[in-house]
Amino acid sequence: MSSAGGTLIRQAVKEAKPVFSATSEDARRRVLNLYRAWFRQLPYIIREYDVPLTLPMCRRKLRENFEKYRQVNDIRVIDLLVAKGQMELVETAHMWKQKTHVMDYFKQTVTPKPTDFLGKFFDGKEP
Amino acid sequence: QHAIQRCSQWRCYASASSAGLSQDKITERVMTVIKLFEKISAEKLTIESHFMKELGLDSLDHVELLMAIEDEFGFEIPDQDAEKLNKPSDIIKYLCEKMEVDYK
């Protein structure tokens, strides 16, 4: 990392400023508390938004959303994910969302690309 | 169809012993709650079985289980204590201390 002008740049040891938690133990606690808060809120969500969902379905979806980020190890990323989850929880709990927003969690947003010949043909792709 | 969990909370204005709480009753209630938890197979479950190592629960399952116990007994278990409760015997000991029941 030396510049062309010849000035000596000491390679600084970069330490990232923590977002919320200082240690991974701290971050782990935040994640588990977020899970707890969502878990406790689920029956009220079902009742207030009148969604056609059952409690086991919601619990499975909650677990799926947490499992999606299981491999993340960077503490700052975990903090940001927890913050976003907390924002979603607050919006859902205060009824600032509508029924469709809650059902969005259960909708697949990416249409899977067709893999077989007929699928690709109907899509207009060259084989 | 999810199992309806047995809810047996009562207010304890008097001391634990006069309210009919004993270590055996606590043990029975804790084991019932754990057995109702569908991710645990009842054959492998003993009082000393470790949740994560022997029964194969992960940390989120552990959280759900402790929440079921909180709901059964009616009070919240703080995080620092919750991390240490890894076996049913730990839970029973912790509850006995919290509810001032003699633990043998």
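For chain B, an unreviewed UniProt entry supplies the name Acyl carrier protein and the organism Macrostomum lignano. Looking at the Sequence similarities (unreviewed entry) heading of the UniProt record, one finds this comment for chain B: "Belongs to the acyl carrier protein (ACP) family."

In the annotation of an unreviewed UniProt entry, chain A is listed under the name NADH dehydrogenase [ubiquinone] 1 alpha subcomplex subunit 6 and assigned to Macrostomum lignano.

Here, the residues flagged by UniProt with the feature "domain: Carrier" (unreviewed entry) are residues 24-99 of chain B. Secondary structure within residues 24-99 of chain B divides into 59% helix and 0% strand; the distance between the first and last C-alpha atoms comes to 13 Å.

Attention now goes to the confidence of the model for chain A. Averaged over all residues, the pLDDT of chain A is 86; the fraction at 70 or higher stands at 87%. The lowest-confidence element of chain A is helix H5 (residues 117-123) of chain A, averaging 84 in pLDDT; the highest-confidence one is helix H3 (residues 75-93) of chain A, averaging 95.

The full count for this structure, using the stated rule, is 5 aromatic pairs over all chains. Three or more aromatic residues joined by ring pairs form one cluster here, namely A:Tyr35, A:Phe39 and A:Phe66.

Turning our eyes to something else, we now look at the UniProt feature "domain: Complex 1 LYR protein" (unreviewed entry) in chain A. The feature "domain: Complex 1 LYR protein" (unreviewed entry), as given by UniProt, occupies residues 29-89 of chain A in the numbering adopted here. Helix makes up 80% of residues 29-89 of chain A and strand 0%, and the two end C-alpha atoms of the span are 17 Å apart.

Another point: helix H4 (residues 88-98) of chain B. Buried residues of H4(B): B:Pro88, B:Ser89, B:Ile91, B:Ile92, B:Tyr94, B:Leu95 and B:Cys96, and no others. Residues of H4(B) that are buried in the fold lie against helix H1 (23-36), helix H2 (59-73) and helix H3 (79-84) of chain B.

Now for the packing of helix H1 (residues 24-49) of chain A against helix H2 (residues 55-67) of chain A. Residues and elements named next belong to chain A. Between H1 and H2, the shortest axis-to-axis distance is 10 Å and the interhelical angle comes to 155°. Relative to H2, the element H1 is oriented roughly antiparallel. Once H1 is placed against H2, the crossing between them reads as right-handed. On H2, the residues that touch Val 31, Leu 34, Tyr 35, Trp 38, Phe 39, Leu 42, Pro 43 and Ile 46 of H1 are Leu 55, Cys 58, Arg 59, Leu 62, Arg 63 and Phe 66.

What follows covers the packing of H1(B) against H4(B). The relative placement of two packed helices is expressed as an angle between their axes plus a distance between the axes. All names here are of chain B. Put simply, H1 and H4 touch, their axes get as near as 10 Å, and they point 135° apart. Accordingly, the angle class assigned to the pair H1 and H4 is oblique. H4 is crossed by H1, and the crossing has right-handed handedness. Across the interface between the two elements, Gln 23, Ile 26, Thr 27, Val 30, Met 31 and Ile 34 from H1 touch Pro 88, Ile 91, Ile 92, Leu 95 and Cys 96 from H4. Across the contact of H1 with H4, the residue classes tally to 9 nonpolar, 2 polar and no charged.

The next thing to look at is the interface of chain B and chain A. Often, the extent of an interface is quoted as the loss of accessible area upon association of its parts. With 16 residues of chain B at the interface, the matching set in chain A holds 14 residues. With both sides pooled, the region where chain B packs onto chain A buries about 1400 Å², and carbon together with sulfur makes up 50% of that total. If you sort the residues of chain B by the area they bury against chain A, B:Leu60, B:Met67 and B:Asp79 come out on top, with a joint share of 39%. Linking chain B to chain A there are 10 salt bridges. The partner of A:Arg70 in a salt bridge is B:Asp58, and the shortest N-O contact between them spans 2.5 Å. The interface formed by chain B and chain A holds 8 residue pairs in polar contact (both at pLDDT 80 or more) in total.

Conventions adopted
Residues numbered from 1 in each chain as written. Chains lettered and ligands numbered in written order. Predicted model: local features only at pLDDT ≥ 70, side-chain atom pairs only at ≥ 80, totals over all residues. Heavy atoms only, no water. UniProt positions renumbered as here; feature names shortened; annotations may be inferred. Helix = DSSP H or I, 4+ residues; strand = E, 2+ residues; numbered from the N terminus. pLDDT = per-residue confidence, 0-100. Phe/Tyr/Trp six-rings, centres within 6.5 Å; stacked < 30°, edge-to-face > 60°. Buried < 20%, exposed > 50% of the residue type's maximum accessible area, 1.4 Å probe, protein only. Contact = heavy atoms within 4.5 Å. Axes fitted to C-alpha atoms, helices over the stretch in contact; angles between N-to-C directions. Parallel < 35°, antiparallel > 145°, perpendicular 65-115°, else oblique. Left-handed = near helix turned anticlockwise from the far one by under 90°. Nonpolar A, V, L, I, M, F, W, Y, C, P; charged D, E, K, R; others polar. Buried area = accessible area lost by both parts, 1.4 Å probe. Salt bridge = Lys/Arg side-chain N within 4 Å of Asp/Glu carboxyl O. Polar contact = N/O pair within 3.5 Å; in protein donor to acceptor, adjacent residues only side chain to side chain.

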